Amino acid sequence: MKLKCLFLTIVTVLFAGSIYAQSEAPANWFNLDYETDGVHGVSTEKAYKELLKGKKSTTIIVSIIDSGMDEEHEDLKEVMWVNADEIPGNGIDDDNNGYIDDINGWNFIGGAGGKNIHHDALEATRLYAMLKDKKRNKKEEKLFKKVEKEIEDNSSSAKQNMTTYDMLKNSFLLLEEALDGKPLTMINLEAVDVSEDNKELQNAVRIYKNMLFPQMSANGMTEEDTVDIASYVKRFDRALNYFKTQAEYYYNADFDPRAEIVGDDYKNSYEKGYGNNDVEGPDAQHGTHVGGIVGAKRNNDIGMDGVADNVQLMSVRAVPDGDERDKDVANAIIYSVDNGAKVINMSFGKGFVYDKKAVDKAVKYAEKKGVLLVHAAGNSSLDTDVEDNYPNKYCNDKRKRKPYSNWIEVGALSWKGAEDMPATFTNYGAKNVDVFAPGVDIYSTIPGSEYEPLSGTSMASPVTAGVAALVWSYYPELTVQELRKILVETSVKVDQEVNVPGSRGAKKMPFSEMSNTGGVVNAYNALKAAEALVKNK
């Protein structure tokens, strides 16, 4: 699933933070420097100013395996990868790479006639559907029981939440009607006439007296302060859509768009050539945001500046709204490598796996070809040393083995620092997470030449991928193993007790134990180390 998750900031706490003034993340904070600016950015601006002036660089192709990218975005169109060996729109595979008219990349979740998968089920749901009617061996039975429980629990929860948010939305609308143009304040709410036998209105008044206004008071608001009804209704609509998507697609064992839209032989994970060349797809917000973080055009006085200043962004669409499929991930990696990508960003993940061998084979292929894979650790506040998370850096999931030498696993930082330094949602792991990078309130590109802040390890991963591309563009003689070593070893170590993600401050742990480096990616340090290593060569 594409890790844009931060509907959890909307739906896990009913009213928190939705109407109160909050301090804001500093502009461009992910590119800033801790010593100079007081936030744990990756020191990009400092590196350009002090280390890179007058230096020449080579172009690095970065593949964005994601939901799709808006290739016409004002801040991205100049840095999109273009397949120079392909003639646009002629319906011929001019470069004989197996993909027709792949100008800016490829779409592995599309089909003939420009059809596209938008929503898909989660992997747990697909496994449940596959196993439920077959005779299961002992291993399959264990897996079946696990996915069955997950589907039943989450499907039920999604439906209950739909009911809750629908009720909350309708209650606000009833209050709006009863107020007859007056603003929603505690004083005006007290004056609403509920003497008539209108149970729904009575419930609406009770809900907001008992739930909303006490929290307003706790946050320093008075009985005369106004609640923005329209803002709440909009949030409730978003929550409703979120849970509706869960119920109708994620946990629906009868939903399977694959055969009708893609038309491939899904059981054959090594099949090539399926899909289409629509690299944007029906919902490119996530992928466009990720791409902008890596390499939105710098210093053009438009929008925002990406991390790397000499990249081409290849859009490889393989991630729907739902869980990505292992076959598509494997093919997306191979396509990226074969078409010149040196860095691949993978801001997606899931808790179950269908064909890890196919993905492992692709990762090994990338390793052999000297391509760096940067992967988001996930947004479930989990210790991934204990909990499963796919894809991961271990062949066949045997974690006693040495991890791949071309893989970096990235957790997310908040701009707030101190004990709030790790993002509240980030996964972590003293063994399985390598570094942390900025991942909260990251302002970047979204479709339609617009911009928006989003949060997630999905954002921390491209910050790291951007640093990798930046270093490699100025020091292309580095091997992938040397580059990876530089990125992890030059990360800024932080000696700080922090809140354990998901604990809401109830548990603490040293930041140094949240990853195997205890560090934050840093472009300035990495470039200095690369310079020293190349000179010594």
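Each value, and the rule that gives it
- Counting starts from 1 at the beginning of each chain's written sequence and moves along it residue by residue.
- Residues qualify for local features only when their pLDDT is at least 70, as the model is predicted, and side-chain atom pairs are given and counted only at 80 or more; totals for whole chains, interfaces and linings, by contrast, use all residues.
- Calculation of side-chain values draws on the structure's entire complement of heavy atoms; hydrogens and water are dropped beforehand.
- Predictor confidence is given residue by residue as pLDDT, running from a minimum of 0 to a maximum of 100.
- By definition, residues are in contact when any of their heavy atoms lie within 4.5 Å.
- The helix and strand labels rest on DSSP assignments: H or I over at least four residues marks a helix, E over at least two residues marks a strand, and numbering proceeds from the N terminus.
- Whether a residue is buried, partly exposed or exposed follows from its accessible area with a 1.4 Å probe, protein chains only, as a fraction of its type maximum: under 20%, in between, or over 50%, in that order.
- Whether two aromatic rings pair depends on their centres lying within 6.5 Å, for rings of Phe, Tyr and Trp, where Trp uses its six-membered ring; planes under 30 degrees apart make the pair stacked, over 60 edge-to-face, and the rest tilted.
- Note on geometry: a ring has a charge over it if NZ (lysine) or CZ (arginine) is within 6 Å of the ring centre and within 35 degrees of the ring normal.
- Note on geometry: axes are lines fitted to C-alpha atoms, helical ones only across the stretch in contact, with angles between N-to-C directions running from 0 to 180 degrees.
- Note on angle classes: values under 35 degrees are labelled roughly parallel, values over 145 roughly antiparallel, values of 65 to 115 roughly perpendicular, and the remainder oblique.
- Helix crossings are classified by the rotation of the near helix relative to the far one: an anticlockwise turn of less than a right angle makes the crossing left-handed, while a clockwise turn makes it right-handed.
- Lys, Arg, Asp and Glu make up the charged group, whereas Ala, Val, Leu, Ile, Met, Phe, Trp, Tyr, Cys and Pro make up the nonpolar group; the residues left over, Gly among them, are polar.
- Only when DSSP finds a minimum of two bridges between them are two strands counted as paired.
- Seen with its strands pointing away from the viewer, a crossover is right-handed if its path from the first strand over the helix to the second goes clockwise.
- Just to be clear on terms, a salt bridge is a Lys or Arg side-chain nitrogen sitting within 4 Å of an Asp or Glu carboxyl oxygen.

1. Examining the confidence of the model for the chain
And then number 1: Mean pLDDT over the chain stands at 92; residues scoring 70 or higher make up 95%.
And then number 2: Every residue in residues 3-22 scores below 50 in pLDDT, and together they form 59 contacts with partners more than four places removed in sequence or on other chains.

2. Details of unusual backbone geometry
Most peptide bonds adopt trans geometry, and most residues besides glycine take a negative phi value.
And then number 1: That bond from tyrosine 390 to proline 391 is cis: its omega, -5°, falls within 30 degrees of zero.
And then number 2: Relative to the helices and strands, proline 391 is located in the loop between strand 5 (372-376) and strand 6 (407-413).
And then number 3: One non-glycine residue with positive phi stands out, namely aspartate 301, at about 60°.
And then number 4: Mapped onto the secondary structure, aspartate 301 falls in the loop between helix 10 (285-295) and strand 3 (311-317).
And then number 5: In this structure aspartate 301 comes out as exposed when scored by relative accessible area, which is 83%.
And then number 6: The phi torsion at alanine 418 lies on the positive side, around 55°, for a residue other than glycine.

3. Some details on helix 10
And then number 1: Extensive coverage of helix 10 is indicated by the burial of ten of its eleven residues.
And then number 2: Every buried residue of helix 10 is accounted for by His286, Gly287, Thr288, His289, Val290, Gly291, Gly292, Ile293, Val294 and Gly295.
And then number 3: Looking at the packing, one finds that the buried side of helix 10 touches strand 1 (60-66), strand 3, strand 4 (343-346), strand 8 (442-446), strand 9 (450-454) and helix 13 (457-474).

4. Comments concerning the side chain of arginine 484
And then number 1: Take arginine 484: it is sitting in helix 14 (residues 480-489).
And then number 2: For arginine 484, a relative accessible area of 17% puts it in the buried group.
And then number 3: Those residues in contact with arginine 484, other than ones at most four positions away along the chain, are Leu372, Ser405, Asn406, Trp407, Ile408 and Asp434.

5. Examining the packing of aromatic side chains
And then number 1: Tallied over the full model, the rule gives 17 aromatic pairs.
And then number 2: Ring geometry for tyrosine 99 against tyrosine 335: centres 5.1 Å apart, planes inclined by 90°, an arrangement best described as edge-to-face. Of this pair, tyrosine 99 sits in the loop between strand 1 and strand 2 (105-107) while tyrosine 335 sits in helix 11 (residues 326-338), and the two are 236 residues apart along the sequence. Tyrosine 335 carries the same exposure label as tyrosine 99, and that label is buried.
And then number 3: Judged by centre distance (5.9 Å) and plane angle (20°), the rings of tyrosine 165 and phenylalanine 243 are stacked. A residue pair is termed long-range when its members are at least 10 positions apart, and tyrosine 165 in helix 5 (residues 138-179) and phenylalanine 243 in helix 8 (residues 229-250) qualify at 78 residues.
And then number 4: We classify tyrosine 165 as buried; its relative accessible area is 3%.
And then number 5: An aromatic cluster is defined as three or more aromatic residues linked by ring pairs; in this entry it consists of Tyr165, Phe172, Tyr208, Tyr232, Phe236, Tyr242 and Phe243.
And then number 6: A cation over an aromatic ring shows up here: arginine 325 above the ring of tyrosine 266, its NZ or CZ 4.6 Å from the ring centre.

6. Focus: the pairing of strand 1
And then number 1: Extensive coverage of strand 1 is indicated by the burial of seven of its seven residues.
And then number 2: Neither face of strand 1 is exposed, since Ile60, Val62, Ile64 and Asp66 on one face and Ile61, Ser63 and Ile65 on the opposite face are all buried.

7. Observations concerning the packing of helix 4 (residues 123-131) against helix 5
And then number 1: Contact pair helix 4 / helix 5: the axes reach a minimum separation of 9 Å and the direction vectors enclose 125°. Judged by the angle between their axes, helix 4 and helix 5 are oblique. The handedness of the crossing between helix 4 and helix 5 comes out as left-handed. Where helix 4 abuts helix 5, its residues Ala124, Thr125, Leu127, Tyr128 and Leu131 lie against Glu140, Leu143, Phe144, Val147, Glu148, Glu150 and Ile151.
And then number 2: Residues that form the contact of helix 4 with helix 5 fall into these classes: eight nonpolar, one polar and three charged.

8. Some thoughts on the pairing of strand 5
Residues in a regular strand project their side chains so that they alternate between the two faces of the sheet.
And then number 1: Burial of strand 5 is extensive: five of the five residues sit out of reach of the surface.
And then number 2: Here strand 5 shows two buried faces, one formed by Leu372, Val374 and Ala376 and the other by Leu373 and His375.
And then number 3: Inspection of the sheet shows strand 4 paired to strand 5 by four bridges, in the parallel sense. Bridging across to strand 5, methionine 346 finds its partner in histidine 375.
And then number 4: Between strand 4 and its parallel partner strand 5, the chain crosses via helix 12 (residues 356-368), and the hand of that crossover is right-handed.
And then number 5: As judged from the four bridges shared by strand 5 and strand 6, these two strands associate in the parallel manner. Within strand 6, the residue paired with alanine 376 across the bridge is valine 410.

9. Description of the environment of lysine 297
And then number 1: Relative to the helices and strands, lysine 297 resides in the loop between helix 10 and strand 3.
And then number 2: Lysine 297 sits twelve residues away from aspartate 309 along the chain, and the two C-alpha atoms are 7.0 Å apart.
And then number 3: If we ignore the near neighbours within four places in the chain, the residues touching lysine 297 are Asp75, Glu78, Val79, Met304 and Asp305.

10. Re the pattern of salt bridges
And then number 1: Summed over the entire model, instances satisfying the criterion amount to 23 salt bridges.
And then number 2: As a salt-bridge pair, glutamate 123 and lysine 350 come within 2.7 Å of each other at their nearest N and O atoms. One end of the pair, glutamate 123, is in helix 4; the other, lysine 350, is in the loop between strand 4 and helix 12, and 227 residues separate them in sequence. The two residues glutamate 123 and lysine 350 agree in class, both being buried.
And then number 3: With its nearest N and O atoms 3.4 Å apart, the salt bridge here joins lysine 535 to glutamate 531. With lysine 535 and glutamate 531 both in helix 15 (residues 523-536) and four residues apart, this pair spans about one turn of that helix.
And then number 4: For lysine 535, a relative accessible area of 64% puts it in the exposed group.

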